[in-house]
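# Results of the structural survey
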Amino acid sequence: MKLYLRTEKGIRFYFIVPLWMAKAGVGLGLKIAKHQSREKRGIDLSSVDVQLLKKGINLLKEYRGLSLVDIKSSDGTEVKIIL
């Protein structure tokens with residue numbers, strides 16, 4: 001997965017995120033979010049199936065080159081996420 005960011009000042013950022021890292025981030029992020037939301041906000045995230053999300057990320061391998069996000073704001077900021 002490739003992430004392209006360009007700020008209104010013309011500064012560019014380019015990140016390559018392997019899908020295995022995105023999968024690990026989803027698992028870890030949801031663990032933290034479930035713990036924090038239960039304690040502080042009373043939100044129940046127990047119905048979120050982490051394994052199903054990870055399977056969905058595995059399916060994304062079949063769609064290499066697909067543009068998921070392509071946003072250009074009026075102030076010149078751009079965000080692109082490409083598989």
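Since the model is a prediction, treat every value here as computed from it, not as a measurement.

## Thoughts on the overall build of the protein
Within the protein one finds two helices and four strands. Taken from the N to the C terminus, the helices and strands of the protein come in the order β-β-α-α-β-β. Taken against the 2.2 N^0.38 rule, which gives 12 Å for 83 residues, the C-alpha radius of gyration of the protein at 16 Å runs more than 25% over that of a compact globule. Judged by the C-alpha coordinates and their principal axes, the protein covers about 40 × 35 × 15 Å. The 83 residues of the protein split such that 16% are buried. If you take every contact in the protein between residues at least 6 apart in sequence, the share linking residues at least 24 apart comes to 40%.

## As for the sheet that holds strand β2 (residues 12–16)
Strand order across the open sheet formed by four strands is β2-β1-β4-β3, with antiparallel pairing between neighbours. Each edge of the sheet is formed by a strand with only one pairing partner; in this case those strands are β2 and β3 (67–72). Recorded for the sheet is a direction-independent mean angle of 5° between the axes of neighbouring strands. With five bridges joining them, strand β1 (residues 2–6) and β2 adopt antiparallel strand pairing. Across the sheet, the residue bridging to L3 is F15, located in β2.

## Describing a nonpolar patch on the surface
A surface patch of nonpolar side chains, about 340 Å² in accessible area, is lined by L5, I11, F13 and F15. Among the structural elements, F13 can be located in strand β2.

## What about the packing of aromatic side chains?
Summed over the entire model, instances satisfying the criterion amount to two aromatic pairs. Relative to F15, the ring of F13 lies with its centre 6.4 Å away and its plane at 5°, an arrangement referred to as stacked.

## A word on the pattern of salt bridges
Counted by the stated rule, this structure contains one salt bridge. R6 is the partner of E78 in a salt bridge, and the nearest nitrogen-oxygen pair spans 3.4 Å. Linking E78 in strand β4 (residues 78–82) with R6 in strand β1, this pair joins segments that are 72 residues apart in sequence. Taking the relative accessible area as the measure of exposure, R6 reaches 29% and is therefore partly exposed.

Conventions adopted
- Positions within a chain are numbered from 1, following the residues in the order the chain's sequence is written.
- Reporting in this predicted model follows two pLDDT cut-offs: at least 70 for local features of residues, and 80 or more for side-chain atom pairs to be given and counted; totals over whole chains, interfaces and linings ignore these cut-offs and use all residues.
- By convention in this description, side-chain values take in all heavy atoms of the structure and omit both hydrogens and water.
- To qualify as a helix, a DSSP run of H or I must reach at least 4 residues; to qualify as a strand, a run of E must reach at least 2; elements of each kind are numbered from the N terminus.
- With the radius of gyration taken over C-alpha atoms, the globule rule is written as 2.2 Å times the number of residues to the power 0.38.
- Residue exposure (1.4 Å probe, protein chains only): buried if accessible area is under 20% of the type maximum, exposed if over 50%, otherwise partly exposed.
- Residue contacts are defined here by distance: any two heavy atoms, one from each residue, within 4.5 Å place the two residues in contact.
- Two strands make a pair as long as DSSP finds a minimum of two bridges between them.
- An axis is simply a line fitted to the C-alpha atoms; with a helix, the fit covers only the stretch in contact. Between two such axes, the angle follows the N-to-C directions and lies from 0 to 180 degrees.
- For patch building, the residue pool is restricted to those with more than 30% relative accessible area and no salt bridge; the joining distance is 9 Å between like charges and 5 Å between nonpolar side chains (Val, Leu, Ile, Met, Phe, Trp, Tyr).
- Accessibility throughout is a Shrake-Rupley quantity obtained with a 1.4 Å probe, and a residue counts as covered only by protein chains that appear here.
- Salt bridges are defined by distance alone: a side-chain nitrogen of Lys or Arg within 4 Å of a carboxyl oxygen of Asp or Glu.
- Put simply, two rings from Phe, Tyr or Trp (the six-membered ring, in Trp's case) pair if the centres are within 6.5 Å, and we call them stacked under 30 degrees between planes, edge-to-face over 60, tilted for the rest.

That's the geometry; what it means functionally is another story.
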